[in-house]
Amino acid sequence: MLKVRPELEDLVPYDPGKPIEELERERGIKAIKLASNENPIGPSPKAVEAIKRAAFKVNRYPDGACYYLRKKLANFLGVGEKNLIFGNGSNEIIEILMRTFLEPKDEVVYAWPAFVVYKLISKAMGLKAIEVPLTEDLRHDLDAMADAITERTKMVFVANPNNPTGTIVKKDEVERFLSKIPDHVIVVFDEAYYEFACKDPDFPDLKEIAVKGEKNLILMRTFSKAYGLAGLRIGYGISNETIIDYMNRVRQPFNVNLLAQEAALAALDDQEHVKKTVELTKKGLSYFYRCFEEMGLEYVPSYANFVLVKAGKGREVFEKLLDRGVIVRAMDGYSLPEYIRVNVGLSEENEKFISALKQVLSEV
Ligand SMILES: Cc1ncc(COP(=O)(O)O)c(C=O)c1O
């Protein structure tokens, strides 16, 4: 008889939603997807050219050390080459981290609702997950998270900005929080939406602390969001050399594919594209806020490229939006059943969403 680890029995796989083409085929409609916090303007044309140029080389394994990308990114960030680790998306960095430092029954602390992958990997590894509720205004409660740390806690996750709320924790809060972290704990700041938030004067710049190693701190970032390379799967971690060295022992030798490395190299050279993406996102968010206010809907002001809006019966609204060819995220799985999460799209997509939402809300 098939024997599976007991902790997997009640684990529900991550639900990525339906491919847009499938929804269009099933329902015979044109659809738009504003559900996965992707970049609506696409990848940088420079990245596309790099992918085309590299396509003929895919008979070879990729560079297992990400030699050129490491050099370029280290220079771009002003950190050492040994302070970086690359992953098949920042999702893989989360997994490598947990597999490197955690044993079954160890404790991890993260907020809830926050990025669901912390929960999924904790469950799959048989860890003891301490979930600290967000504050009433849906922000991380860093004081409560620090208080939740025990002798057995090995890792704490903070998504900044947080997904699905789009909220941030601020410089002074983070400073106080880090001062309370004992030496046996690794703090992970998941900065997948960094580029959208980093210009805010309250946003903490933690790179130097992470690299110096006075605290066990790692930052995670990604090329999936502002850089528009989600389909290629490439993210990275920034930390002190000791943490990175241990993680490299666990990492698969060729974990970042060849096209992803080439595209990321080219994308780094196109900061104009990132700027354009961030500007479009801010405009889209302002448009959403204006519309939500006119419609009398509560929303959570966001520092990322998506926003949570209180739509009432979230799951029903989600389903009815699907009928109209608009894919967003229902939030019942994140304990926010009254909300939906929508990411900023192109302006015509944003308008289509708002118009569909108005129709749907008049029906439910
Ligand atoms: C907070 C957060 N962290 C990490 C990720 C994973 O990003 P990726 O694996 O594409 O780099 C996401 C993706 O949605 C996210 O929202």
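Note that the structure is predicted; figures quoted are calculated from it, not measured.

Engineer: Is there a simple way to explain the overall build of the protein in this structure?
Structural biologist: If you tally the helices and strands in the protein, you get 14 helices and 13 strands. The C-alpha radius of gyration computed for the protein amounts to 21 Å, which stays within 12% of the reference 21 Å derived for 364 residues, consistent with globular compactness. Each of the three principal axes of the protein carries a C-alpha extent, and together these read 60 × 55 × 50 Å. Within the span of the protein, comprising 364 residues, buried residues form 52% of the whole.

Engineer: It is not clear to me how the layout of surface pockets should be interpreted in this structure. Could you clarify?
Structural biologist: Over the atoms, a rolled probe matching the size of one water molecule traces out where space is still vacant. There is about 720 Å³ of room inside the largest pocket. Around the largest pocket, the lining comprises 40 residues; the ones closest to its centre are S36, S224, K225, A230 and R233. Elements that contribute at least two residues to the lining of the largest pocket include exactly α4 (90–101) and α5 (116–124). Considering every element that reaches the lining of the largest pocket, the biggest residue donor is α4, with three residues. Across the lining of the largest pocket, the residue classes tally to 19 nonpolar, 13 polar and eight charged. Taken together, domain 1 (6–43 + 272–363) and domain 2 (45–268) each give at least three residues to the lining of the largest pocket, which thus spans both. By volume, the second largest pocket is sized at about 620 Å³. Sorting the residues of the lining of the second largest pocket by element identifies α5, α13 (314–323) and β12 (329–330) as the ones contributing at least two each.

Engineer: I'm lost on unusual backbone geometry in this one. Help?
Structural biologist: Across residues other than glycine, the phi torsion is negative in most instances, and most of the peptide bonds are trans. Of note, the amide linkage connecting W112 to P113 takes the cis form, showing an omega dihedral of 0 degrees. With respect to the secondary-structure elements, P113 resides in the loop between β3 (107–112) and α5. Here the amide bond leading from N163 into P164 is cis, since omega sits at 20 degrees, within 30 degrees of zero. With phi around 55 degrees, N37 is a residue other than glycine that occupies positive phi space. Relative to the assigned elements, N37 resides in the loop between β1 (32–33) and α2 (45–54). Residue class for N37 comes out buried when judged on its relative accessible area of 1%. One non-glycine residue, L138, lies in the positive phi region at around 60 degrees. On the secondary structure map, L138 appears in the loop between β4 (128–133) and α6 (142–147).

Engineer: Sorry, what's going on with the packing of α2 against helix α11 (residues 258–268) here?
Structural biologist: Two packed helices can be described by the angle between their axes and the distance between those axes. For the pair α2 and α11, the least separation of the axes is 8 Å and the interaxial angle reads 145 degrees. Relative to α11, α2 is oriented so that their crossing is right-handed. Between α2, through K46, A47, A50, I51 and A54, and α11, the contact on the second element is made entirely by L258, L259, E262, A263, A266 and A267. Across the contact of α2 with α11, the residue classes break down as nine nonpolar, no polar and two charged.

Engineer: What exactly am I supposed to notice about the nonpolar core here?
Structural biologist: Note that soluble globular proteins tend to have their nonpolar side chains buried in a common cluster. In terms of nonpolar packing, the biggest core is built from 90 residues, with L84, I94, M98, M145, M155, F177 and F189 touching the most fellow members. With six residues, the single largest contributor to this core is α11. Each of domain 1 (6–43 + 272–363) and domain 2 (45–268) gives at least three residues to this core. With near-sequence residues (within four places) excluded, M145 lies in contact with V109, Y110, A111, V132, H140, V156, F157, V158 and F177. Membership of the second largest hydrophobic core comes to 31 residues, among which are V326, A330, V342 and V360.

Engineer: Teacher, can you tell me more about the sheet that holds strand β8 (residues 235–238) here?
Structural biologist: Think of a sheet as strands paired side by side through backbone hydrogen bonds, with each pair either parallel or antiparallel. A sheet is described by the order of its strands in space; here seven strands give the open sequence β2-β8-β7-β6-β5-β3-β4, paired in mixed fashion. The open sheet is flanked by β2 (84–87) and β4, the only strands paired with a single partner. Between one strand axis and the next, the sheet turns through 20 degrees on average, direction left out of account. Direction of pairing for strand β7 (residues 217–222) relative to β8: antiparallel, over a ladder of four bridges. Following the sheet pairing, T222 is matched in β8 by G235. Sheet strands touched by helix α3 (residues 67–77): β2, β7 and β8. Its angle to β2, the strand with the most contacts, is close to 125 degrees. Relative to β2, helix α10 (residues 241–250) is tilted by about 35 degrees, and along the sheet it contacts β2, β6 (186–190), β7 and β8.

Engineer: In this structure, what is going on with the packing of α3 against α11? I would like to understand it.
Structural biologist: Following both chains from N to C, one finds α3 and α11 inclined at 25 degrees, their axes separated by 9 Å at the closest point. When the axis of α3 is compared with that of α11, the two are roughly parallel. The two elements α3 and α11 meet at a crossing, and its hand is left-handed. Contacts between α3 and α11 involve Y68, L69, K72, L73 and F76 from the first element and Q261, A264, L265 and L268 from the second. Each residue belonging to the contact of α3 with α11 can be placed in one class, and the counts come to seven nonpolar, one polar and one charged.

Conventions adopted
Residues numbered from 1 in each chain as written. Predicted model: local features only at pLDDT ≥ 70, side-chain atom pairs only at ≥ 80, totals over all residues. Heavy atoms only, no water. Helix = DSSP H or I, 4+ residues; strand = E, 2+ residues; numbered from the N terminus. Rg over C-alpha atoms; globule rule 2.2 N^0.38 Å. Buried < 20%, exposed > 50% of the residue type's maximum accessible area, 1.4 Å probe, protein only. 1 Å grid on protein atoms, 1.4 Å probe; cavity = no way out; pocket = protein on both sides within 12 Å on 5 of 7 lines; lining within 4 Å. Points joined across faces, edges and corners; volume = space filled by probe spheres on them. Nonpolar A, V, L, I, M, F, W, Y, C, P; charged D, E, K, R; others polar. Domains from an automatic or database assignment. Axes fitted to C-alpha atoms, helices over the stretch in contact; angles between N-to-C directions. Left-handed = near helix turned anticlockwise from the far one by under 90°. Contact = heavy atoms within 4.5 Å. Core = buried A, V, L, I, M, F, W, Y, C linked by side-chain atoms within 4.5 Å. Pairing = 2+ DSSP bridges. Parallel < 35°, antiparallel > 145°, perpendicular 65-115°, else oblique.

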